Amino acid sequence: MAPIPPFAVEQWMDEYETKCKYQMAETCCASISINELVELSDNKQIKPSDLIDLSSAQGYGTTRGSNELRNNLSALYSSKVGTPLSPDNVLITPGAIAANHLVLYSLTGPGDHVICHYPTYQQLYSIPATLGAEVDLWKSNPANNWLPDFESLKSLIKENTKLIILNNPQNPTGAILPRSLLQKIIDLAESKQITILSDEVYRPLFHGITPMDKDFPPSILSMGYKNTIVTGSLSKAYSLAGLRVGWIASRSPEIIEECAKTRDYTTISVSQLDQSVAAFALSQDTIHSLLSRNIQLAKANLELLERWIIKHDEYCSWTKPVAGTTAFIKFERDGKPIDAAALCKDLQEKTGVMILPGDVGFGEEFKGYVRVGYVNKTEIVKESLEEMRKYMRKGYDDLPLSA
Ligand SMILES: Cc1ncc(COP(=O)(O)O)c(C=O)c1O
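An unreviewed UniProt entry lists the protein chain under the name Aminotransferase class I/classII large domain-containing protein, with Zasmidium cellare ATCC 36951 as the source organism. The Sequence similarities (unreviewed entry) comment attached to the protein chain in UniProt states, word for word, "Belongs to the class-I pyridoxal-phosphate-dependent aminotransferase family."

### With respect to unusual backbone geometry
Most peptide bonds take the trans form, and the phi angle of most residues other than glycine is negative. Cis geometry marks the peptide bond from Asn-171 to Pro-172, where omega comes out at 15°. With respect to the secondary-structure elements, Pro-172 resides in the loop between β6 (161-167) and α7 (179-191). With an omega dihedral of 0°, the bond running from Arg-203 to Pro-204 counts as a cis peptide bond. Unusually for a residue other than glycine, Arg-244 sits at a positive phi of about 55°.

### Examining the site of the ligand
Not every one of the 15 residues close to the ligand is listed here, only the nearest: Ala-96, Asp-199, Ser-233, Ser-235 and Lys-236. Ser-235 has a polar side-chain atom sitting 2.7 Å from an oxygen atom of the ligand. The contact in question runs from an oxygen atom of the ligand to an N or O atom on the side chain of Arg-244, over 2.8 Å. When the ligand is considered free in solution it has 400 Å² of accessible area, and contact with the protein chains removes 93% of it. Under a 2 Å grid-point criterion requiring more than half of the atoms, the pocket assigned to the ligand is the second largest pocket. Examining the composition of the shell around the ligand, we find that four residues originate from one element, helix α4 (residues 95-107), more than from any other. For the shell around the ligand, the residue count by class is five nonpolar, seven polar and three charged.

### Considerations on the sheet that holds strand β3 (residues 113-118)
The strands making up a sheet are joined through hydrogen bonds of the backbone, oriented either antiparallel or parallel. Here we have eight strands laid out as an open sheet, ordered β2-β9-β8-β7-β6-β3-β4-β5, and mixed in their pairing. One side of each edge strand has no neighbouring strand; the edge strands of this open sheet are β2 (90-93) and β5 (147-148). With five bridges joining them, β6 and strand β7 (residues 195-199) adopt parallel strand pairing. The partner of Leu-166 across the bridge, within β7, is Ser-198. On the sheet, α4 packs against β2, β6, β7, β8 (228-233) and β9 (246-250) and is oriented at approximately 155° with respect to β8. Against the sheet, helix α8 (residues 253-266) engages β2, β7, β8 and β9, with an angle of about 25° to β2.

### Some thoughts on the UniProt feature "domain: Aminotransferase class I/classII large" (unreviewed entry) in the protein chain
As recorded in UniProt, the sites labelled "domain: Aminotransferase class I/classII large" (unreviewed entry) are residues 53-374. Secondary structure across residues 53-374 divides into 37% helix and 20% strand, with the first and last C-alpha atoms of the span separated by 36 Å.

### Let's talk about helix α5 (residues 123-130)
Given 3.6 residues per turn, any residue in an α-helix points the same way as the ones three and four places further on. Burial of α5 is extensive: seven of the eight residues sit out of reach of the surface. Among the residues making up α5, those that are buried are Gln-123, Leu-124, Tyr-125, Ser-126, Ile-127, Pro-128 and Thr-130. The inward-facing, buried residues of α5 abut α4, β3, β4 (134-141), β6, β7 and α12 (358-362). Once α5 ends, the next one or two residues include Gly-132, with phi positive near 105°.

### Some details on empty space enclosed by the protein
Under the criterion given, the structure shown has one cavity of 30 Å³ or more. Volume-wise, the largest cavity comes out at about 40 Å³. As for the largest cavity, its lining consists of Trp-308, Phe-331, Leu-343, Leu-347, Ile-355, Met-388, Tyr-391 and Met-392. Elements with a contribution of two residues or more to the lining of the largest cavity: α11 (340-351) and α13 (378-394). Ranked by residue count, the leading element in the lining of the largest cavity is α13, at three residues. In the lining of the largest cavity, the residues fall into eight nonpolar, no polar and no charged.

Criteria and thresholds
- Residues numbered from 1 in each chain as written.
- Predicted model: local features only at pLDDT ≥ 70, side-chain atom pairs only at ≥ 80, totals over all residues.
- Heavy atoms only, no water.
- UniProt positions renumbered as here; feature names shortened; annotations may be inferred.
- Helix = DSSP H or I, 4+ residues; strand = E, 2+ residues; numbered from the N terminus.
- Near = heavy atom within 4 Å.
- Polar contact = N/O pair within 3.5 Å; in protein donor to acceptor, adjacent residues only side chain to side chain.
- Areas by Shrake-Rupley, 256 points an atom, 1.4 Å probe, with all protein chains shown as cover.
- 1 Å grid on protein atoms, 1.4 Å probe; cavity = no way out; pocket = protein on both sides within 12 Å on 5 of 7 lines; lining within 4 Å.
- Sits in = over half its atoms within 2 Å of the grid points.
- Nonpolar A, V, L, I, M, F, W, Y, C, P; charged D, E, K, R; others polar.
- Pairing = 2+ DSSP bridges.
- Contact = heavy atoms within 4.5 Å.
- Axes fitted to C-alpha atoms, helices over the stretch in contact; angles between N-to-C directions.
- Buried < 20%, exposed > 50% of the residue type's maximum accessible area, 1.4 Å probe, protein only.
- Points joined across faces, edges and corners; volume = space filled by probe spheres on them.

This is the structure we're talking about:
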């Protein structure tokens, strides 16, 4: 096994997030309390204290995940599809980060070739590489709304390609892989019996595209190819990162068994209390109002961010996100990329606003880029943008350009 590289995004977050005044690097929709969750629900009989059964003994419970939670997830992946997904095809994990790790640990190793959609959450390409797999990056094209090119995916395929890893919607760009492209990826993978892992942790937070649109991407699990795996969680689109509840779902019982075998060594089971709240959040009574709160929040805040970018278009450019919680913005001066780490450090020091440097978090080729998380509370986004406006007038001209 190769030495594990530092997880750059998580390290930057650890270092700066507790010191900031305005959090504009947050990738979760504004987090909510249990009280707020209950208030949002259409079930007006329930009280916050009902979410947890104080009299039930706290054993391990159903080790693969509570029946109630897996039933709710199975319903989520079964709606609008001919073949329902059985709850047995879902494994509950402590967050999507553990879900991804279990899938990658279970399916990749020396002798395997893996292709990973890029830029994305570093875990998705660093872990297979650490486990000894050969990894190629399938790059999104910033000049084409971050759409990666299908022909270049085809050219990356090798005899031993085992896994294609996607992140849809994509962190950090907020772009999507549209339905037509997903279909082509599936046809290619199926013809060569390559498994697809799609990290759908930002699903279903779509705010710039609707299900009526022909490009609207369904979950990869709903597209008819058995060897597909989805990872997801309550953290991003559902505002409940503190629960640490995520999942692996697949149409293939063999893949689920392979992941369960690994999971026995790391997890046994996930907290009964957390799963109980998670099941309530994903229940029919609650999920729709929770998502509609977050989609509205994303739309309103993105409009503020867009106005800010238009005002500063001498220095910034972007492709407006259509989904998820993050925007990838390029900062330049005199046509050259700014030193993004210097910008992020100086901005936070002088104003308290935290954003994250793209080349530090996502790879050296993203010089001048910063990742902004814009689905925090609107008041925070407004105040941050105001601080950033003042900073652009006073501090920006003194920043170094990227080396
Ligand atoms: C693409 C992606 N996958 C997975 C995760 C992990 O999320 P969690 O473990 O909170 O579910 C993140 C967190 O930022 C992410 O951006």
